[in-house]
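Listed below, chain by chain, are the residues.
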Amino acid sequence: MKRMLQWGLSLYFVMVAGNVFAKENLSVNVGEVRVFPAILMISLLVLFILVGVFSKAKDTEDYWAAGRGVGQLGGGMAIASNWMSAASYLGMAGLIYLKGYSAMAYIVGWTGGYVLLLVLMAGQIRRYGKYTAPDFVGDRYYSTAARLMSALIVILISFVYAVGQYKGIGMMFNWIFGINYEMSVIVGTGVVLAYVLISGMLGATKNMQVQYVVIVITFLLPLFFIASKLGYFSAVPQIGYGATVWDIGHGGNGITAATADPSFYLPFANNTAYHWFALCITLMLGTAGLPHVIGRFYLVPRVSDARWQVVWGLFCIALVYWSAPCFAAFAKFSNIAGVTGVTISPDAIVVNAAELAGLPQWFSGFLAAGGVSAAFSTVGGLLMAGSSAFAHDIYFRVLRPNATEESKMKVARIGTIVLGVAIAVIAMNPPAFIAQITAVAFSMGANTFFPMFLLGIWWSRTTKEAAIVGMIVGMTVTFGSMLAPKTSLFAYYVPFTSSAILGVPLVITTMIIVSLMTKEPSAEIKELLYRVHNDE
Amino acid sequence: MEKDININFFKPVGEFMTRDVKMKKLIIVIWGVATYGFLLLLKLVADPEATVEVTLSTGEVVTQVSGKSFLTETQFLGFPFHYWYSAQFCILLFIFLCWWYCKFIDKLEAEFSSK
């Protein structure tokens, strides 16, 4: 019965997705359908769903924690694709294109956070041995209220993060199929929900590995051709584009000194050093405080694997991060050199770069399909994190401690659907660039989970009251920076993408003060922490 | 004597944790200097003559140094040096730091489990 329901529901979503798509194509010709990209995209989506079907979750343990049977490299690839989203694949290059070196804070910030994550958290979190981030918070801070609040924050972070991804999916579907943006978002929602519902985390983990391979191949391959077409060292375009950056700033290779744009490479030509610092540190602390990344450490059998997984994950991420600025530089170069006839949109600059270089359409199709894969793998992980926060941490732990496996699964699935649809509604009118929306999710993680984990693991005196007050302060700073008028002084020093610059120091100080004012945690909590830190 | 079980990053207890924390501090310092020390350096060595106008989010227009210096005008592998440093070297360094720490902690764990 359960299985039938689950299949029926998934089938329904696929059909809805298919129908909307067909109808839109029959009625008005919104734009041209790009044939090769469309075929590629559809086959990839079918592949993802098939992988999901064949590695289906057997029970709750499987659904949430993938049976803890994921290896080091495999886990690293899953971390990489789970975490690299449309923001890395599409958004980052777009911002570098617009802001040059100022946007390099995204590259450094989104990789450097892993050092903190590994050194300060990965091993200890795995040794603590829980399923989800709110589970840790609930146990460490011996408080149902703290568990509940952190579960809500997980849902909120997943929500904001996913909005950026849906925008990426929408833009790429729009480019590939010629259907309008809103329809694209609906189609994308249908497909994502279908495969998350069928497969759960195990399917999602397998899928993340497949998606990583897709991401890397589609991202790297076109670069060789773009570099060669523009006349740069194309054997290793990641090095060849250095000369492109130089030429953009100084003139050369067809660009005259008069049209050269030095603001592309000069460090402080678009922004201040303070803002570079604020953004970079926010992204780093956010990486170390994102619940769906922290959650991945529970998936490996041994503590050592949890750590090596980070190294592999970072390497897998680096392959893409070394390449993203190439797209920005190549697009900028073609743009200054006077190539016309391509509609440029910063969030689609990766695809535009191939078009600007005059490559055949299927290269751009490759990139568009890869962008969707990147967004899919992340949305899959986010929906899982969000729905498990709801089903496991709120429903099971707080509302119905004696709920059966079956009802937990059902609640998880309902949660996934509600979350998925709600995200789609907001994504219809995306409020900012993809990378910026994603940065907000990172600020939120940095302002709430980072201090909570940091102090929770490294200072046994931290009390439950401190955790609760800390979360409230963290959320206040995050939302305060979003709601503050754009031209105010507050928004200048605490931009909404970089609110951790104020949030993290403030939350940590508050938590320390509150801890010292309240009753010390029990000896059991300290005993457990001692064991987490000393391998005995 | 009762064992001290109060965990504090700056006052490690137990031999394992003491050695672990020492290594962690070293890595965090390298990480911080490489990322933000370099940013500070860029600002410090910037040519005071080369300035640009930047419009701040408050609407105010300020004149600041563009950051032009020997770091940005030296070519390395074709790149302006600072660009290469941020876009490629930093990531490489992060991977190395992670690898280094994993090697270290694996060895430490092996040592303690054989005790």
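Note: the structure precedes this text.
Just so you know, these numbers come straight off a predicted model, no measurement behind them.

S.K.: Please explain the overall build of chain B as it appears in this structure.
M.R.: Looking only at helices and strands, one finds three helices and four strands in chain B. Counted from the first residue to the last, chain B has its helices and strands arranged as α-β-β-α-β-β-α. The buried share among the 115 residues of chain B stands at 47%. Restricting to contacts in chain B with at least 6 residues of sequence separation, those with at least 24 account for 44%. A total accessible area of about 6,000 Å² is found for chain B, and carbon and sulfur atoms account for 65% of it.

S.K.: Which parts of the structure should I look at to understand the overall build of chain A?
M.R.: If you tally the helices and strands in chain A, you get 22 helices and zero strands. Taking the contacts inside chain A whose residues are at least 6 apart along the sequence as the reference set, 83% of them involve residues at least 24 apart. For chain A, the exposed area adds up to about 17,200 Å²; of that, 68% sits on carbon and sulfur atoms.

S.K.: Any chance you could explain the interface of chain A and chain B here in plain terms?
M.R.: Accessible area lost during the coming together of the parts is what is often quoted as the interface size. With 69 residues of chain A in contact, the opposing surface of chain B contributes 61 residues. Among the residues chain A hides against chain B, the three largest losses belong to Trp246, Phe268 and Trp458 of chain A. Together they make up 13% of the total. Scanning the region where chain A abuts chain B turns up three salt bridges. Where chain A touches chain B, the interface holds 20 residue pairs in polar contact (both at pLDDT 80 or more). Elements with a minimum of two residues in the side of chain A that touches chain B: helix H6 (104–128), helix H10 (237–250), helix H11 (273–287), helix H13 (303–321), helix H18 (434–458), helix H20 (489–493) and helix H22 (523–533) of chain A. Each residue belonging to the side of chain A that touches chain B can be placed in one class, and the counts come to 46 nonpolar, 15 polar and eight charged.

S.K.: Would you take a moment to explain a nonpolar patch on the surface for this structure?
M.R.: Taken together, the side chains of Val213, Ile217, Leu221, Phe224 and Phe225 of chain A present a nonpolar region at the surface, about 390 Å² in accessible area. Along the polypeptide, phenylalanine 225 of chain A turns up in helix H9 (residues 181–230).

S.K.: In this structure, what is going on with the packing of aromatic side chains? I would like to understand it.
M.R.: Two descriptors summarise a pair of aromatic rings, namely the distance from one centre to the other and the angle between the planes of the rings. Enumeration according to the criterion identifies 37 aromatic pairs over all chains in this entry. Ring centres of tyrosine 101 of chain A and tyrosine 83 of chain B lie 6.2 Å apart, and the angle between their planes is 55°; this geometry places the pair in the tilted category. You can see tyrosine 101 of chain A sitting in the loop between helix H5 (86–99) and H6 and its partner tyrosine 83 of chain B sitting in helix H3 (residues 81–114), one on each of two chains. Like tyrosine 83 of chain B, tyrosine 101 of chain A is buried. Within the aromatic cluster, the residues linked to one another by ring pairs are Trp83, Tyr106, Trp110, Tyr114, Tyr161, Tyr321 and Phe442 of chain A. A cation over an aromatic ring shows up here: lysine 408 of chain A above the ring of phenylalanine 396 of chain A, its NZ or CZ 3.9 Å from the ring centre.

S.K.: What's the story with helix H16 (residues 361–399) of chain A in this structure? I'm lost.
M.R.: Because each turn of an α-helix spans 3.6 residues, side chains separated by three or four positions end up pointing in the same direction. Here H16 of chain A is 39 residues long and its end C-alpha atoms lie 53 Å apart, about the 57 Å a rise of 1.5 Å per residue gives. Most of H16 of chain A is tucked away: 33 of the 39 residues are buried.

S.K.: Would you mind going over the nonpolar core with me for this structure?
M.R.: Soluble globular proteins: nonpolar side chains tend toward being buried together. Among the nonpolar cores identified, the biggest contains 222 residues, and Trp83, Tyr106, Trp110, Met121, Tyr321 and Phe453 of chain A together with Tyr83 of chain B are the most heavily contacted of them. Among the elements that line this core, the one with the most residues is H9 of chain A, at 20 residues. In terms of nonpolar packing, the next biggest core, distinct from the first, is built from six residues, Ala391, Tyr395, Val411 and Ala412 of chain A among them.

S.K.: Looking at this structure, I do not really get the side chain of serine 86 of chain B. What am I missing?
M.R.: Inspection of the secondary structure assignment puts serine 86 of chain B in helix H3. What makes serine 86 of chain B buried here is its relative accessible area of 2%. Among the polar contacts made by the side chain of serine 86 of chain B, one reaches the side chain of tyrosine 101 of chain A at a distance of 2.6 Å.

S.K.: So what exactly am I meant to see when it comes to the pattern of salt bridges here?
M.R.: With the rule as written, the count across this model stands at eleven salt bridges over all chains. Put simply, arginine 147 of chain A and aspartate 139 of chain A hold a salt bridge, and the shortest N to O gap is 3.1 Å. Given the relative accessible area of 28%, aspartate 139 of chain A is considered partly exposed. Lysine 24 of chain B is the salt-bridge partner of aspartate 20 of chain B, the closest N and O atoms lying 3.5 Å from each other. A residue pair is termed a helical-turn pair when its members lie 3 or 4 positions apart in one helix, as aspartate 20 of chain B and lysine 24 of chain B do in helix H1 (residues 15–45) at four residues. No difference in accessibility class separates aspartate 20 of chain B from lysine 24 of chain B, as the two residues are buried. One connected set of salt bridges, linked through shared partners, spans Arg127 and Arg307 of chain A together with Asp106 and Glu109 of chain B.

S.K.: In this structure, what is going on with the environment of tyrosine 212 of chain A? I would like to understand it.
M.R.: Residue and element names in this part refer to chain A. Along the chain, tyrosine 212 falls in helix H9. Under the relative-accessibility criterion, tyrosine 212 is labelled buried at 6%. Measuring from C-alpha to C-alpha, the distance between tyrosine 212 and serine 377 comes to 8.4 Å, with 165 residues separating the pair along the chain. If we ignore the near neighbours within four places in the chain, the residues touching tyrosine 212 are Met77, Ala80, Ser81, Met84, Cys316, Ile317 and Leu319.

S.K.: Quick question: what am I supposed to make of unusual backbone geometry here?
M.R.: Positive phi is not limited to glycine here, since tyrosine 142 of chain A has a value of about 35°. Looking at tyrosine 142 of chain A, the relative accessible area reads 31%, which means it is partly exposed. For leucine 77 of chain B, which is not a glycine, the phi torsion comes out positive at approximately 55°. The residue leucine 77 of chain B is located in the loop between strand E3 (75–76) and strand E4 (79–80) in this model. The class for leucine 77 of chain B is partly exposed, based on a relative accessible area of 45%.

S.K.: Hey, could you run me through the pairing of strand E2 (residues 61–65) of chain B in this one?
M.R.: Residues and elements named next belong to chain B. Alignment of strand E1 (residues 51–55) against E2, held across five bridges, turns out to be antiparallel. Following the sheet pairing, threonine 55 is matched in E2 by valine 61. Here E1 folds back onto E2 in antiparallel fashion, the turn holding five residues, of which glycine 59 has a positive phi close to 95°.

S.K.: So what exactly am I meant to see when it comes to the packing of H10 of chain A against H3 of chain B here?
M.R.: For any two helices packed against each other, one specifies the crossing angle of their axes together with the interaxial distance. Axis separation between H10 of chain A and H3 of chain B bottoms out at 11 Å; the angle between their running directions is 150°. Classified by the interaxial angle, the pair formed by H10 of chain A and H3 of chain B is roughly antiparallel. Between H10 of chain A and H3 of chain B lies a crossing whose hand is right-handed. Counting all contacts with H10 of chain A, which are made through Gln238, Ile239, Tyr241 and Val245 of chain A, the residues of H3 of chain B involved are Tyr83, Ala87 and Gln88 of chain B. In terms of residue class, the contact of H10 of chain A with H3 of chain B is made up of five nonpolar, two polar and no charged.

S.K.: What am I meant to see in the packing of helix H2 (residues 35–54) of chain A against H16 of chain A here?
M.R.: Residues and elements named next belong to chain A. For the pair H2 and H16, interaxial distance at closest approach is 8 Å and the crossing angle is 30°. Relative to H16, H2 is oriented roughly parallel. Along this stretch, H2 crosses H16, giving a crossing that reads as right-handed. Taken together, the residues of H16 that come into contact with H2 (itself represented by Val35, Phe36, Pro37, Leu40, Met41, Leu44, Leu45 and Phe48) are Gln361, Trp362, Gly365, Phe366, Ala369, Val372, Ser373 and Phe376.

Analysis parameters
Position labels on residues start from 1 in each chain and follow its written sequence. The lettering of chains begins at A and the numbering of ligands begins at 1, in the order of writing. With the structure being a predicted model, the display of local features is reserved for residues of pLDDT at least 70 and the display and counting of side-chain atom pairs for 80 or more, all residues being used for whole-chain, interface and lining totals. Remark: hydrogens and water are excluded; side-chain values derive from all non-hydrogen atoms of the structure. By the criteria applied, helices consist of DSSP H or I runs no shorter than four residues and strands consist of E runs no shorter than two, each listed in order from the N terminus. Buried means the residue's accessible area, taken with a 1.4 Å probe over protein chains only, is under 20% of the maximum for its type, while exposed means over 50%, and partly exposed covers the values in between. Contacts are assigned to residue pairs that have any heavy atoms within 4.5 Å of one another. Per-residue and other accessible areas follow the Shrake-Rupley method at a 1.4 Å probe size, with only the shown protein chains counted as cover for residues. Put simply, buried area is the surface a 1.4 Å probe can reach on two separate parts but cannot reach once they are joined, added for both. When a carboxyl oxygen of Asp or Glu is within 4 Å of a side-chain nitrogen of Lys or Arg, the pair counts as a salt bridge. In protein, a polar contact requires one atom able to donate a hydrogen and another able to accept it; more generally it is a pair of N or O atoms within 3.5 Å, and residues adjacent in sequence count only if both atoms are side-chain atoms. Three categories are distinguished: nonpolar for Ala, Val, Leu, Ile, Met, Phe, Trp, Tyr, Cys and Pro, charged for Asp, Glu, Lys and Arg, and polar for the others, with Gly belonging to the last. Exposure above 30% relative accessible area and the lack of any salt bridge qualify a residue for a patch; like charges then connect within 9 Å, and the nonpolar side chains Val, Leu, Ile, Met, Phe, Trp and Tyr within 5 Å. Each Phe, Tyr or Trp ring, with Trp reduced to its six-membered ring, pairs with another whose centre is within 6.5 Å; inter-plane angles below 30 degrees give stacked pairs, above 60 give edge-to-face pairs, and intermediate values give tilted ones. Both a distance and an angle decide whether a charge sits over a ring: NZ of Lys or CZ of Arg must be within 6 Å of the ring centre and within 35 degrees of the ring normal. Expected span of a helix, by definition, is 1.5 Å for each gap between consecutive residues, and there is one gap fewer than residues. Throughout this description, the term nonpolar core refers to a set of buried Ala, Val, Leu, Ile, Met, Phe, Trp, Tyr and Cys residues connected via side-chain atoms within 4.5 Å. Two strands qualify as a pair provided DSSP detects at least 2 bridges between them. Angles here are taken between N-to-C directions and fall from 0 to 180 degrees, while the axes themselves are lines fitted to C-alpha atoms, restricted in helices to the stretch in contact. Reported orientations rely on four angle classes, namely roughly parallel under 35 degrees, roughly antiparallel over 145, roughly perpendicular from 65 to 115, and oblique for the rest. By the definition used in this description, the sense in which the near helix is turned from the far one sets the handedness, with an anticlockwise turn below a right angle giving left-handed and a clockwise turn giving right-handed.

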